[in-house]
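This is what each chain is made of:
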Amino acid sequence: MSKLIAQPANSLSGEIKIPGDKSISHRSIMLGSIANGITKVSGFLKGEDTLLTLKAFQDMGIKIEHKNDDVIIYGSGLYGLKKPLKKIYLGNSGTSMRLMSGILAAQNFDSELFGDKSLTKRPMDRIIKPLNLMGASIKSNNGKPPLIIKGRGKLKNINYTLPVASAQIKSCILLASLYSEGQTCINEPIKTRDHTEIMLNFFGYKVNTNNNKICINGGKELVAPNQIKVPGDISSAAFFIVAAIISKNTDITLIDINVNPARTGIINILQLMGANIELINKRKLYGELIANIKVKSSNLKAIKIPKELISSAIDEFPAIFIAASCAEGETILTDAKELRVKESDRIKSMNDGLTILGIKTKVTDDGIRITGGDFKKPTDTIQSYDDHRIAMAFAIASLKCKHAIKINDIDNISTSFPNFIELANLSGMKLKKIAGN
Ligand code: S3P
């Protein structure tokens, strides 16, 4: 249980290469494993979460090798997985558990999935319900992990309207639908990240999207595309984007970042607040839109965050709350109840830390109001609450705080951004990790 001491810093500089996108890395292992043929993945995120997905498929008999910086997956087809010898441990990773359940529900063997303290508290009924409709058999602890999955061999197609905007539920159903006959259609209330759809198309599997309705015909095999390149993760870039904006005399560029429109809510929100952010050299990489993101110090003003931008910024609110704390006026967020069921209750976790830093807030059931002001001398050590993004959010507050900020229990940063401290220090922050309790 290491601590982080974030000493005050002034400005950032340089070109920063952010590690690979977590969502796309997970999906590359899953689709690569159940495809026919070899997939070479470059830029794979070697974070704890994605490495646990990789290990889970190795434990189910898939040969996956690390070669230089690439990951090579020897896919063995839709029914090529083998029963794992042990229960599958998925650490902190909700994406692994929710997406893999869609695949495992249709295998010819039973499996059990479990996770760490944070994952054990997260809702799984949201995927159990549609999977049950497809004929799956899953036992849980009152809708939470562990999940005991009885392999059914085949599943049924469904028409399903998502009760919450969630790419994880959508992707779970899409993966399960590969093992069904006929057409499955999913209606989303709001468009969520479509990395699964994009990657399935790359594996030669047609997914039809019409407005917010996604349809797929099950029962066909996936063809390995030889090569996939994973772009930089905008959710990790988010910390550098906000750090740059709130610091002085800063001009940084983040290289090759995924700017899929279902992920760029943070840019839209910060631009509405007056941030100086530019997307340069937009281009396509294996079906995904990427760009370099240029960010300069900016003066921010408070806004009411538009509802329609919430889903495309869902993982970035810890960083956005730090920006809101540095803006002039009161920023208002509503309709964001989903933040309460992430790696931690992010409304509570952020509110606790902001209060320690002397920021005025008002928490509501589905959001928060944050009045911008100076970060004061911290009254206590900030807790990460087992949540990587809470730890990183408070680390970047050091660019606007005249006092050292201490954050407890920060090892979880390596679930998504293993070299965060190193990159932050190279660009001008002053972070120090202290091992032990
Ligand atoms: C993810 C989807 C999001 C996000 C998570 C990763 C994905 O979750 O919060 O970090 O890879 O599909 P929801 O779809 O549940 O909102």
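Everything numeric here is computed off the predicted structure, so don't read it as measured data.

Chemist: Even after reading the chapter, I still don't get the domain arrangement of the protein chain, so can you show me in this structure?
Modeler: The domain boundaries assigned to the protein chain delineate domain 1 (3-20 + 231-434) and domain 2 (22-228). Placing the centre of domain 1 and that of domain 2 at their C-alpha centroids yields a distance of 29 Å. Each partner contributes residues to the interface: domain 1 has 25 residues there, and domain 2 has 28 residues. Interface area, domain 1 with domain 2, both sides summed: about 2300 Å², of which 51% is carbon and sulfur. Here domain 1 is connected to domain 2 by four salt bridges. Here Asp315 ties to Arg193 by a salt bridge, and the two come within 3.2 Å at their closest N and O atoms. At the boundary of domain 1 and domain 2, one finds 14 residue pairs in polar contact (both at pLDDT 80 or more). Taken together, the residues of the side of domain 1 that touches domain 2 break down into seven nonpolar, nine polar and nine charged.

Chemist: Mind showing me how you'd approach the packing of aromatic side chains here?
Modeler: Geometry of an aromatic ring pair is reported as the spacing of the ring centres plus the angle between the planes. Inspection of every chain in the model, using the stated rule, returns eight aromatic pairs. For the pair Tyr89 and Phe114, a centre-to-centre distance of 5.1 Å together with 50 degrees between the ring planes defines the contact as tilted. On the criterion of sequence distance, the pair formed by Tyr89 in strand S6 (residues 88-89) and Phe114 in strand S7 (residues 111-114) is long-range, its members being 25 residues apart. With relative accessibility at 39%, the residue Tyr89 sits in the partly exposed group. For the pair Phe417 and Phe420, a centre-to-centre distance of 5.4 Å together with 65 degrees between the ring planes defines the contact as edge-to-face. Exposure remark for Phe417: the relative accessible area of 0% places this residue in the buried category. Exposure remark for Phe420: the relative accessible area of 0% places this residue in the buried category.

What counts as what
- Residues take numbers from 1 onward in each chain, read along the sequence in its written order.
- Selection of residues for local features in this predicted model requires a pLDDT of at least 70, selection of side-chain atom pairs for listing and counting requires 80 or more, and totals for whole chains, interfaces and linings are taken over all residues.
- Water and hydrogen atoms play no part in the side-chain values, which are based on all heavy atoms of the structure.
- Domain start and stop positions are those given by an automatic or database domain assignment.
- Contact criterion: two residues are considered in contact whenever any of their non-hydrogen atoms come within 4.5 Å of each other.
- Accessible surface is computed with a 1.4 Å probe, and the buried area is the amount of it that two parts give up when combined, taken over both parts together.
- Any carboxyl oxygen of Asp or Glu within 4 Å of a side-chain nitrogen of Lys or Arg constitutes a salt bridge here.
- Think of a polar contact as two N or O atoms within 3.5 Å of one another; within protein, one of them needs to be a possible hydrogen donor and the other a possible acceptor, and neighboring residues in sequence only count if both atoms come from side chains.
- Gly counts as polar in this scheme, as do all residues outside two lists: the nonpolar Ala, Val, Leu, Ile, Met, Phe, Trp, Tyr, Cys and Pro, and the charged Asp, Glu, Lys and Arg.
- Think of it this way: a Phe, Tyr or Trp ring, Trp meaning its six-membered ring, pairs with another when their centres are within 6.5 Å, and the plane angle makes it stacked under 30 degrees, edge-to-face over 60, tilted otherwise.
- Secondary structure elements follow DSSP: runs of H or I of four or more residues count as helices, runs of E of two or more count as strands, with numbering from the N terminus.
- Whether a residue is buried, partly exposed or exposed follows from its accessible area with a 1.4 Å probe, protein chains only, as a fraction of its type maximum: under 20%, in between, or over 50%, in that order.

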